[in-house]
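For reference, the chains in residue letters:
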Amino acid sequence: AEREISRDTLLGLDGKRRVAGRKPLIDDQNCRIDGGVTIQTGEYVALRRCIVTGNASVSGIHTDVSLNTIVAGTLDVSCEGLGNVIGNLVVGPASIGIHAGSEVTVTRNVVRNCVDGILFRSLDGVSATENLVEDCSGSGIAVRVLGGAG
């Protein structure tokens, strides 16, 4: 049976689900989110074992994004401490499959049918191991530092 995300869910003006709080954790084999989700916090945040249709954006000091299926969207992960993106399936179409910031480890993910498979925004503390990127028309795994870096 599918379940909606409960009381911690806030619906933004753009119609996307947003989850906010001190330590938001979504970990449910029956979790299905349609229309994308944005999870932002100042501390630990986790998105695990969910099916998300649309973009999934997760940011916090420490992030754990694992065992999810993202369909027709980008998995975007940012953290200030340590971040893990492990064992996710991302299936496009999307411009980027997995978009990760600094201090993020991307391991054992599968990305299919996106323009760019895995794109890092920084070289600081990032790692990509045992990932499979296929049927992507652009870069498989790449780093693009934008703006005033230097």
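Before reading further, recall that the structure is shown in the block above.
Let me begin by describing the structure that accompanies this report. (Residues numbered from 1 in each chain as written. Predicted model: local features only at pLDDT ≥ 70, side-chain atom pairs only at ≥ 80, totals over all residues. Heavy atoms only, no water.)

Okay, the overall build of the protein chain next. A count of helical and extended segments in the protein chain gives 0 helices and 16 strands. Taken over 150 residues, the protein chain has a buried fraction of 42%. Within the protein chain, counting contacts between residues at least 6 apart in sequence, those at least 24 apart form 10% of the total. (Helix = DSSP H or I, 4+ residues; strand = E, 2+ residues; numbered from the N terminus. Buried < 20%, exposed > 50% of the residue type's maximum accessible area, 1.4 Å probe, protein only. Contact = heavy atoms within 4.5 Å.)

Let us look at the environment of I70. Mapping I70 onto the fold places it in strand β8 (residues 69–71). Judged by its relative accessible area of 0%, I70 falls in the buried class. In the structure, I70 is positioned 41 residues away from V111 in sequence and 9.4 Å away in space, judged by C-alpha atoms. Ignoring sequence-local partners within four residues, the contact set of I70 consists of V52, G54, A56, L75, L89, V90 and V91.

Our focus in this paragraph is the side chain of T74. Residue position: T74 is located in the loop between β8 and β9 (75–79). With near-sequence residues (within four places) excluded, T74 lies in contact with G54, N55, A56, A94, I96, G97 and H99.

This part takes up the environment of V115. Tracing the chain through its elements places V115 in strand β13 (residues 110–120). By relative accessible area, V115 is classed as partly exposed at 39%. Each C-alpha atom, one on V115 and one on G138, is 4.9 Å from the other, the two residues being 23 residues apart in sequence. Filtering out sequence-adjacent residues up to four positions away, V115 remains in contact with A94, S95, C136, S137, G138 and S139.

Let us look at the nonpolar core. Counting residues in hydrophobic clusters, the biggest one holds 27 residues, and the most contacted among them are L75, I98 and V106. Among residues more than four places away in sequence, those in contact with L75 are A56, V65, I70, V85, N88, V90, G97, I98 and H99. (Core = buried A, V, L, I, M, F, W, Y, C linked by side-chain atoms within 4.5 Å.)

Of note, H62 is situated in strand β7 (residues 62–66). Residue classification places H62 among the partly exposed residues on the basis of a relative accessible area of 36%. Among the polar contacts listed, one links the side chain of H62 to the backbone nitrogen of L82, at a separation of 3.2 Å. (Polar contact = N/O pair within 3.5 Å; in protein donor to acceptor, adjacent residues only side chain to side chain.)

With that settled, consider the pattern of salt bridges. Going through the model one piece at a time under the given rule, you end up with 5 salt bridges. Across the salt bridge formed by R144 and D116, the nearest N and O atoms sit 3.0 Å from each other. Of this pair, R144 sits in the segment after β16 (141–143) while D116 sits in strand β13; the two residues are 28 residues apart in sequence, bridging distant segments of the chain. Take D116: its relative accessible area is 8%, and that puts it in the buried class. (Salt bridge = Lys/Arg side-chain N within 4 Å of Asp/Glu carboxyl O.)

A contiguous nonpolar patch, built from L123, V143 and V145 and spanning about 270 Å² of accessible area, is present on the exposed surface. Checked against the element boundaries, V145 lands in the segment after β16. Given a relative accessible area of 45%, V145 falls into the partly exposed group. (Patch = residues over 30% accessible without salt bridge, like charges linked within 9 Å, V, L, I, M, F, W, Y side chains within 5 Å. Areas by Shrake-Rupley, 256 points an atom, 1.4 Å probe, with all protein chains shown as cover.)

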